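Residues per chain are reported as follows:
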Amino acid sequence: MDFNVKKLASGAGVFFTRAVQFTEEKLGQAEKTELDPHLENLITRADCTKNWTEKILRQTEVLLQPNPSARIEEFIYDKLDKKLPSRTTNPELLGQYMLEAANEFGPGTPYGSTLITVGEYQKRLGGAERELLQTSAATFLTPLRNFLEGDWRTISKERRLLENRRLDLDICKARLKKAKQAEAKAALLSEEVDKAEHELRVAQTEFDRQAEVTRLLLEGIGSTHLNHLRCLQDFAEAQATYYAQCHHYMQDLQRELNKCANSVSTPHPTAAVCPDPDHLSSAFLSGPSSPVATVSSSSSQKPSKLDMEQTHFPVTGSRKAKVLYDYDAHDASELSLLADELITVYTVPGMDPDWLIGERGNQKGKVPVTYLELLS
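Rules used in this analysis
All residue numbers refer to positions counted from 1 along the written sequence of the respective chain. It should be noted that, the model being predicted, local features are given only for residues of pLDDT at least 70 and side-chain atom pairs only at 80 or more, the latter also being counted only at that level, while totals for whole chains, interfaces and linings use all residues. Hydrogens are left out, water is left out, and the side-chain values use all remaining heavy atoms of the structure. Here, any two strands with at least 2 DSSP bridges between them count as paired. In this description a helix means any DSSP run of H or I spanning at least four residues, a strand means any run of E spanning at least two, and both kinds are numbered starting from the N terminus. Throughout this description, the term salt bridge denotes a Lys or Arg side-chain nitrogen within 4 Å of a carboxyl oxygen of Asp or Glu. Each residue is placed in one exposure class: buried if its accessible area under a 1.4 Å probe, protein chains only, is under 20% of its type's maximum, exposed if it is over 50%, and partly exposed if it falls in between. Within 6.5 Å between ring centres, the rings of Phe, Tyr and Trp (the latter by its six-membered ring) count as paired, and their orientation is classed by plane angle as stacked under 30 degrees, edge-to-face over 60, tilted in between. Our definition puts a charge over a ring when NZ of Lys or CZ of Arg is within 6 Å of the ring centre and also within 35 degrees of the ring normal. Every axis corresponds to a line fitted to the C-alpha atoms, with the helix fit spanning only the stretch in contact, and the corresponding angles, defined between N-to-C directions, vary from 0 to 180 degrees. Note on terminology: angles under 35 degrees are roughly parallel, angles over 145 are roughly antiparallel, angles of 65 to 115 are roughly perpendicular, and the others are oblique. Two helices that cross are described as forming a left-handed crossing if the nearer one is turned anticlockwise from the farther one by less than a right angle, and a right-handed crossing if clockwise. Should any heavy atoms of two residues lie within 4.5 Å, those residues are counted as being in contact. Expected span of a helix, by definition, is 1.5 Å for each gap between consecutive residues, and there is one gap fewer than residues. Any pair of N or O atoms that falls within 3.5 Å is considered a polar contact. Within protein, one atom must be able to donate a hydrogen and the other to accept it, and sequence-neighbouring residues count only if both atoms are side-chain atoms. In this description, a nonpolar core means a group of buried Ala, Val, Leu, Ile, Met, Phe, Trp, Tyr and Cys residues linked to one another through side-chain atoms lying within 4.5 Å. The quantity known as pLDDT measures the predictor's confidence residue by residue, on a range of 0 to 100.

A. Examining the pairing of strand S3 (residues 355-360) more closely. Alignment of strand S2 (residues 342-346) against S3, held across three bridges, turns out to be antiparallel. From the neighbouring strand, Thr344 faces S3, where its bridge partner is Glu359.

B. Seen up close, the pattern of salt bridges. According to the stated counting rule, one finds 17 salt bridges in the structure shown. Notably, a salt bridge pairs Arg165 with Asp168, separated by 4.0 Å at the nearest N-O pair. In this pair, Arg165 and Asp168 both sit in helix H5 (residues 110-186), three residues apart, roughly one turn of the helix. Classification of Arg165 by relative accessible area gives partly exposed; the value is 22%. The buried category is assigned to Asp168, whose relative accessible area is 18%. Between Asp252 and Arg255 there is a salt bridge; the shortest N-O distance is 2.8 Å. Here the residue Asp252 and the residue Arg255 both occupy positions in helix H7 (residues 221-265), the gap between them amounting to three residues, near one helical turn.

C. Quick look at the packing of aromatic side chains. Scanning the model with the defined rule gives seven aromatic pairs in all. An angle of 10° between the planes, with centres 4.7 Å apart, marks the rings of Phe140 and Phe235 as stacked. With Phe140 in helix H5 and Phe235 in helix H7, the pair connects residues that are 95 residues apart, well separated along the chain. Here Phe235 falls in the buried class, since its relative accessible area comes to 9%. Seen in terms of ring centroids, Phe147 and Trp152 are 6.4 Å apart; in terms of plane orientation they differ by 50°. Their pairing is tilted. Trp152 carries the same exposure label as Phe147, and that label is buried. Three or more aromatic residues link up through ring pairs in this structure, and these residues are Tyr325, Tyr327, Trp355 and Tyr371. Across from the ring centre of Tyr121, 4.6 Å away, lies the NZ or CZ of Arg124, which sits over that ring. The lysine or arginine in question, Lys366, covers the ring of Trp355, its NZ or CZ lying 5.0 Å from the ring centre.

D. Representation of the packing of helix H2 (residues 37-64) against helix H6 (residues 191-219). Their axes nearest at 10 Å, the elements H2 and H6 cross at an angle of 45°. With respect to H6, the axis of H2 lies oblique. As for the relative orientation of H2 and H6, their crossing is left-handed in sense. Each of His38, Leu39, Leu42, Ile43 and Ala46 in H2 lies in contact with H6, whose residues at this interface are Ala211, Arg215, Leu218 and Glu219.

E. Expanded view of the pairing of strand S1 (residues 319-323). Taken together, the four bridges between S1 and S2 define a ladder with antiparallel strand orientation. The residue of S2 that forms the bridge with Lys322 is Leu342. Here S1 runs beside strand S5 (residues 372-374); their pairing, made up of three bridges, is antiparallel. Note on S5: the bridge partner recorded for Ala321 is Leu374.

F. Highlighting H2. With 28 residues, H2 extends 40 Å from end C-alpha to end C-alpha; this agrees with the ideal 40 Å at 1.5 Å per step. Among the residues making up H2, those that are buried are Leu39, Leu42, Ile43, Ala46, Thr49, Thr53, Leu57, Thr60 and Leu64. Between a side-chain oxygen at the N-terminus of H2 and the backbone nitrogen of His38 the separation is 2.9 Å; the capping residue is Asp36.

G. Structural detail: the sheet that holds strand S4 (residues 363-368). Strand order in the open sheet formed by five strands is S4-S3-S2-S1-S5, and the pairing between neighbours is antiparallel. In this open sheet, the two edge strands, each paired with only one partner strand, are S4 and S5. Neighbour to neighbour, the strand axes of the sheet diverge by 40° on average, direction disregarded.

H. Highlighting H6. Given a rise of 1.5 Å per residue, 29 residues ought to cover 42 Å, and the 42 Å separating the end C-alpha atoms of H6 matches this to within 8%. The complete set of buried residues in H6 reads Val193, Ala196, Leu200, Ala203, Phe207, Gln210, Ala211, Thr214 and Leu218.

I. Representation of the nonpolar core in the model. Ranked by size, the top nonpolar core spans 42 residues in total, and within it Leu35, Leu39, Phe140, Leu162 and Leu218 carry the most contacts. Elements with a minimum of two residues in this core: H2, helix H4 (90-105), H5, H6 and H7. A total of 18 residues in this core trace back to one element, the largest contributor, which is H5. Leaving out residues up to four positions away in the same chain, Leu35 has contacts with Glu40, Ile43, Leu162 and Phe207.

J. Molecular detail of the side chain of Thr89. Mapped onto the secondary structure, Thr89 falls in the loop between helix H3 (68-79) and H4. Residue Thr89 is classed as buried on the basis of its relative accessible area of 7%. Side chain to side chain, Thr89 and Glu92 meet in a polar contact 3.0 Å long. In this structure Thr89 touches Gly126, Glu129 and Arg130, once residues within four positions along its chain are discounted.

K. Highlighting the confidence of the model for the protein. Here the protein averages 81 in pLDDT, and 78% of its residues register 70 or above. Within the protein, no element has a lower average pLDDT than helix H9 (residues 291-298), which sits at 35, and none a higher one than H2, at 95. Of the regions scoring below 50 in pLDDT, residues 267-315 engages in 46 contacts with residues more than four places distant in sequence or in other chains.

See the structure below:
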């Protein structure tokens, strides 16, 4: 018990002495040992890394989850080390409402069937958003949090210890200075000077050792930057995949809605064929014809849209392209793609800018631009 009391009193005395030294330094009444310029630069760089990592982390969380209540719930579950319950995304919830509304209005009605179509695609968009959230949390948000809650806490602890060693060193310097002044006045040797010199040597050794430990930790910030760089690339790739999926789903949805609109507006059931709006102009270049004549001619040998484009328009310059994602053709005018393969692409005047003509050997067809990386 006595030992603990003495230790507590000693700790309180050291804390008080350091506080006095720190206050006098701030008031300009005491000298302060300056750190090595290289170490100062490392500290500045580390502080900048920590501050911007916090800002980027917070804003990414806001981007991925705009709802503040949901973010607070995720934070609480994370601190309690519990798994967050699966939450329905907003597009999925909208799609579910549309499907339920379709059942009320009648799935066989034009409005009901359209609600079903749009609702299904909204649920697909919600699934893509859920995948983005999961991927971003694992590959981007978690590494940033690990740095702030792991490496940075260790660095902060060693920096505080270095500051304490620096204060102890300056206290010893001040004591030695006072002891020498007292010795000069007394004109005799003083044991206080020898004691102060010994304490100064010990404090200098501890300070140098702690400065080296802190320097090694701070130099590790460079590795942190490389790790965050890879995480940033993974985050951008996840976003690119998400937006490409959304673009693909919305194009498919537009095609379905165009088919539904044409089938509703056409008076003859046999004429309920949904032409692509982007190529309606080329369909009329062959001259005026009635809807019945168009349907009857399509039952014989009707050229595909790709053939019509190549017949009426000259081909512009071609170039190579690398396929980024797998793509399944939706009709005979499109070309299926496999990720990482190389194909030749070109465009024709009047063509939708979101599409190109792709060639693979003897195969030709339309391909979406968002699935390609054009090569020089």
